[in-house]
Amino acid sequence: MGGTNLVPQPDDSILRAVNNALGDESTAENIVRNPAATGQLLDAAQQQRDRAADAASDGGAGSDGAEGAAPTAEDMRAKARRIAADHQEGKVDITAVDSIGRATADDVKEALHQVIDPELGVDVMDLGLVYGIEIDSLGRAIITMTLTTPACPLTSLIEDECATVLAGLVDEFRIDWTWTPPWNVDMMTPEGAEQMAALGFNPGNLPQY
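Just so we're clear, the structure is a prediction, and the values are computed from it rather than from any experiment.

> What is the right way to look at the overall build of the protein chain in this model?
Summing up its helical and strand segments, the protein chain has 8 helices and 4 strands in all. Helices and strands appear in the protein chain in the N-to-C order α-α-α-α-β-α-α-β-β-α-β-α. Looking at the protein chain as a whole, 38% of its 209 residues qualify as buried. A sequence separation of at least 24 residues applies to 62% of the contacts in the protein chain between residues at least 6 apart.

Take a look at the structure:
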């Protein structure tokens, strides 16, 4: 798949300079991708540090852990349970920019129902594979997505499907693939579970964590 419709990764030299100034790689990367939101991103990062400090003062770092700490297996299971609960209610973590002539994250979410997992025959939204959708200030879509297993070789096929359904809706998009938390059957919507059953799949044979 050609890269002309993908949001470029931040330039390493710029990212390194911002990261050196902030000492926060995640916030630095977000600022380089979306400079117009610098103030909001810095505020959000400070709030996260404040929460971590409050949790530490209470005798523990909480479920998210101290800043920079590697997530434990229980952290990932807790995050997976939160995502699963949201998906059961038809929710997904979305950030939208609403303005005349510009798509919103809800528009992207609706379009992604047309992207079908080639192995399971169910769309990526009802499977619960989409963890987040963001429309940045330039109207570019950034989709956080997983697959049923890290070994799944379908990333290129799904990127091609996304390019097809998002054509004319957004000028650029990027999929950020993630494996944390790992997908499990509880992340499917009720509609997804019904589709799986209709296709003859037994959810009990799919990964559960």
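Past the structure itself, the notes keep going.
> Before we go on, may I ask you to explain the pattern of salt bridges in this structure?
Pairing of side chains with opposite charge becomes possible as their charged atoms draw close. One pass over the full model with this rule turns up 2 salt bridges. Between Asp176 and Arg174 there is a salt bridge, with its nearest N and O atoms 2.7 Å apart.

> What should I look at first to understand the pairing of strand S3 (residues 141-145) in this one?
Every other side chain in a regular strand lies on the same face of the sheet, so the side chains alternate between the two faces. Of all 5 residues in S3, 4 are buried; the element is thus mostly enclosed. Where strand S2 (residues 130-135) and S3 come together, 5 bridges link them in antiparallel fashion. Counted as the bridge partner of Glu134 is Ile142 from S3. The antiparallel pairing of S2 with S3 creates a hairpin that spans 5 residues between the two strands, and Gly139 there sits at a positive phi of about 80°.

> Help me out: how do you make sense of helix H7 (residues 155-166) in this one?
Side chains of residues three or four places apart in an α-helix project in the same direction, reflecting 3.6 residues per turn. Given a rise of 1.5 Å per residue, 12 residues ought to cover 16 Å, and the 16 Å separating the end C-alpha atoms of H7 matches this to within 8%. Within the span of H7, buried status applies to Ile158, Glu159, Cys162, Ala163, Val165 and Leu166. Contact partners of the buried residues in H7: helix H5 (105-111), S3 and strand S4 (173-177). Gly168 occupies a position one or two residues after H7 and carries a positive phi of about 85°.

> How should I be thinking about the nonpolar core in this particular structure?
Soluble, globular proteins show a tendency: their nonpolar side chains are buried together. Residues Val108, Leu112, Met145, Cys162 and Leu166 are the most contacted members of the largest nonpolar core, which totals 37 residues. Listed by contribution, the elements that provide at least two residues to this core are helix H4 (73-88), H5, helix H6 (124-127), S2, S3, H7 and S4. No other element matches H7, which puts 5 residues into this core.

> What exactly am I supposed to notice about the pairing of S4 here?
Of all the 5 residues making up S4, 4 are buried; the element is thus mostly covered by neighbouring parts of the structure. Bridging between S3 and S4 involves 5 bridges; their strand directions are parallel. Within S4, the residue paired with Met145 across the bridge is Trp177. Each parallel crossover has a hand, and the one from S3 via H7 to S4 is right-handed.

> Got a minute to help me understand the environment of Glu110 in this structure?
Among the structural elements, Glu110 can be located in helix H5. On the basis of relative accessible area, Glu110 is assigned to the exposed category, the value being 55%. Once the C-alpha coordinates of Glu110 and Met125 are considered, the two residues, 15 residues apart in sequence, prove to be 8.5 Å apart.

> How should the environment of Thr27 be read in this particular structure?
With respect to the helices and strands, the residue Thr27 is situated in helix H2 (residues 25-33). Among the residues examined, Thr27 registers a relative accessible area of 9% and is labelled buried. Through-space distance from the C-alpha of Thr27 to that of Leu42 is 7.2 Å; in sequence the pair is 15 residues apart.

> When you look at the side chain of Asp126 in this model, what are you seeing that I'm missing?
When you line up the elements, Asp126 lands in helix H6. Put simply, Asp126 is tucked away with no salt bridge, and the nearest opposite charge, on Lys109, sits 8.8 Å away. Of note is the side chain of Asp126, whose polar atom sits 2.8 Å from the side chain of Thr189.

How each quantity is defined
Residues numbered from 1 in each chain as written. Predicted model: local features only at pLDDT ≥ 70, side-chain atom pairs only at ≥ 80, totals over all residues. Heavy atoms only, no water. Helix = DSSP H or I, 4+ residues; strand = E, 2+ residues; numbered from the N terminus. Buried < 20%, exposed > 50% of the residue type's maximum accessible area, 1.4 Å probe, protein only. Contact = heavy atoms within 4.5 Å. Salt bridge = Lys/Arg side-chain N within 4 Å of Asp/Glu carboxyl O. Pairing = 2+ DSSP bridges. Expected span 1.5 Å × (residues − 1). Core = buried A, V, L, I, M, F, W, Y, C linked by side-chain atoms within 4.5 Å. Right-handed = clockwise from strand over helix to strand, strands pointing away. Lys, Arg positive; Asp, Glu negative; His and termini not counted. Polar contact = N/O pair within 3.5 Å; in protein donor to acceptor, adjacent residues only side chain to side chain.

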